[in-house]
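Spelled out, the chains give:
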Amino acid sequence: MNHPQDADKLYPTLALLLLAGMALIWLIIARVRHNLVEPLAHLRDWSARMNDGNLSARLPVPPRGEFRELAMDINRLSDELKSLTIDMDARVRAQTVRLARKTQSLDILYDVASSLSQHGDLDKLLESFLDTFIELVDARAATVRVLTDDGQTRLVASRGLAADVVEKDRMMDTGLCQCGWAATEGGIRIQHGTQSCAKLLGLPMLKRDCQEFVVVPVIYQERILGVYNLFLDRPISAMGEDIHDLLSSVGKHLGLALEKARLDSQARQIAIMEERNIIGNELHDSLAQALVGMRLQVKMLGESMHKKDLRTSQHEVQSLKTSIEEAHASLRELLANYRLKIDERGLVPAVAGMVERFSEETGINVFFHNECRDFSLTPLQESQIFHIVKEALSNIGKHSNARNARILLNGEGKGVYSLLIEDDGEGMAPVSAARPGEHIGLSVMRERAERLPGELTIESEPGEGTRIVLTFPISPAKEADTE
């Protein structure tokens, strides 16, 4: 049953409900947009800016709601991230600067080591060191002083100082200045300018004073050998925090160079003395005995002339002439041998050339055979072996009456080399039975063998020829190479 009057009342109610529903939906959409969509859009925009490297990007903070706390937490994380990034960049820059300074320090040490490893005398070595170091640290002047036994420091090298200052500063007592204190007590010392030094010398060290005067000990194995000085126009601290380690390392390099120069000089003096002893022995073996014989012949000549024995006198004169010629020949041979240099190609070509000349001069057939493929010795060792072969050939030519001889150079493969020299001559009596003054050449060969170091064995019997065997070890460095 229809009720038109009720329907008329229902439509307005439905319309109101529809409008209310639409308003509610719009309100919900507005709240979702405001509380969810917009914050998510802001979050997406923040993420994009952060990805682009904009660490200053921040989220707008809503006045209320769940996204307010989230936005505040994200902004705090952004601040911490920016702070950490700034701190990391600062540390990276600091490490980069540190590595650059380390690299510069290594370059300086390399250049200094190169300048100190050059060949030459001590003065040239120190001058090269100072030139290199002044350029590397931008110093105005530099000096090197060594500690003497009488409690003074002696100036041994300088750059950038006037000649009169160098002369005045040649010797200085260790108790008067920073140089002496550093040389006796150690430690790097820094003073402002050189006014105190000028008072000691009585004249300024530089026309325009430097800003800092640096004294660094020169050390070798915890032993102070002296000091080196730098005259700087800028504070040493401006060179970096590792500058003290660098200066100390340079001081140790310089100490090593000074000690090496001292040991080289000492070794040269010892080698000269030993060589003089060997030369003296060889002179005794060749000339001294000849002079003793000529002295006896002169005495006999005087006696025959006193007796007016003309025939005997003529015979003694002829014998004396022969002895003089033999002595002269021995002297020329000795001088020629000591002027003889080892072939630049090494020991083997030098021995081969000497054998060829010996065979041509004496007519004795000498066979030289080298069985060492890789033969490497120091120049001193090559010199000793060369002169041992020379002395052995000289003895063969003078005393053996041999027709043939053989020289064999061999590497036994057990860490040693061997040198064999043998002939088919008359041989000789045992050394123990020899008269004083005989077999000086054999003693010279033994002395040279000891300087290798090596061992010399001589085997000989009358009528059976002579056999000489020299054995000497391969150096440790050479053994490592062959392994």
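Look a little higher up for the structure.
Predicted model only: the values in this text are computed from it and were never measured. (Residues numbered from 1 in each chain as written. Predicted model: local features only at pLDDT ≥ 70, side-chain atom pairs only at ≥ 80, totals over all residues. Heavy atoms only, no water.)

So, the sheet that holds strand 11 (residues 466–473)
Hydrogen bonding along the main chain pairs the strands of a sheet, whether they run parallel or antiparallel.
Consideration 1: Spatially, 7-8-9-11-10 is the arrangement adopted by the five strands of the open sheet, whose pairing is mixed. Sheet topology places strand 7 (365–370) and strand 10 (455–460) at the edges, where each strand pairs with a single neighbour. In this sheet, neighbouring strand axes are inclined to one another by 10° on average, regardless of whether the strands run parallel or antiparallel.
Consideration 2: One ladder, built from seven bridges, connects strand 8 (residues 404–411) with strand 9 (residues 416–423); its direction is antiparallel. Bridged to Leu 408 within strand 9 is Leu 420.
Consideration 3: Here helix 9 (residues 347–362) sits on the sheet and contacts strand 7 and strand 8; the angle it forms with strand 7, its principal contact strand, is near 170°.
Consideration 4: Running at roughly 15° to strand 9, helix 10 (residues 379–400) makes contact with strand 7, strand 8, strand 9 and strand 11 of the sheet. (Pairing = 2+ DSSP bridges. Helix = DSSP H or I, 4+ residues; strand = E, 2+ residues; numbered from the N terminus. Axes fitted to C-alpha atoms, helices over the stretch in contact; angles between N-to-C directions. Contact = heavy atoms within 4.5 Å.)

Quick word on the pattern of salt bridges
Consideration 1: Counted according to the given criterion, the structure contains 13 salt bridges.
Consideration 2: Two residues, Asp 233 and Arg 140, come together in a salt bridge whose shortest N-O distance is 2.8 Å. Of this pair, Asp 233 sits in the loop between strand 6 (223–232) and helix 7 (243–306) while Arg 140 sits in the loop between helix 3 (122–137) and strand 1 (141–147), placing them 93 residues apart in sequence.
Consideration 3: Given the relative accessible area of 23%, Arg 140 is considered partly exposed.
Consideration 4: Glu 185 is the salt-bridge partner of Arg 189, the closest N and O atoms lying 3.0 Å from each other.
Consideration 5: Among the ionic contacts, a cluster of salt bridges with common partners joins Arg 406, Glu 422, Glu 459 and Arg 467. (Salt bridge = Lys/Arg side-chain N within 4 Å of Asp/Glu carboxyl O. Buried < 20%, exposed > 50% of the residue type's maximum accessible area, 1.4 Å probe, protein only.)

Here we look at the pairing of strand 1
Consideration 1: Among the seven residues that make up strand 1, six are buried, leaving the element largely enclosed by the rest of the structure.
Consideration 2: Bridging between strand 1 and strand 6 involves six bridges; their strand directions are antiparallel. Counterpart to Ala 142 in the pairing with strand 6 is Leu 230.
Consideration 3: Summarising the sheet, strand 1 and strand 2 (residues 152–159) pair through six bridges and their orientation is antiparallel. Pairing of Val 144 across the sheet is with Ala 157, part of strand 2.
Consideration 4: Adjacent in sequence and paired antiparallel, strand 1 and strand 2 are bridged by four residues, among which Gly 151 carries a positive phi angle near 75°.

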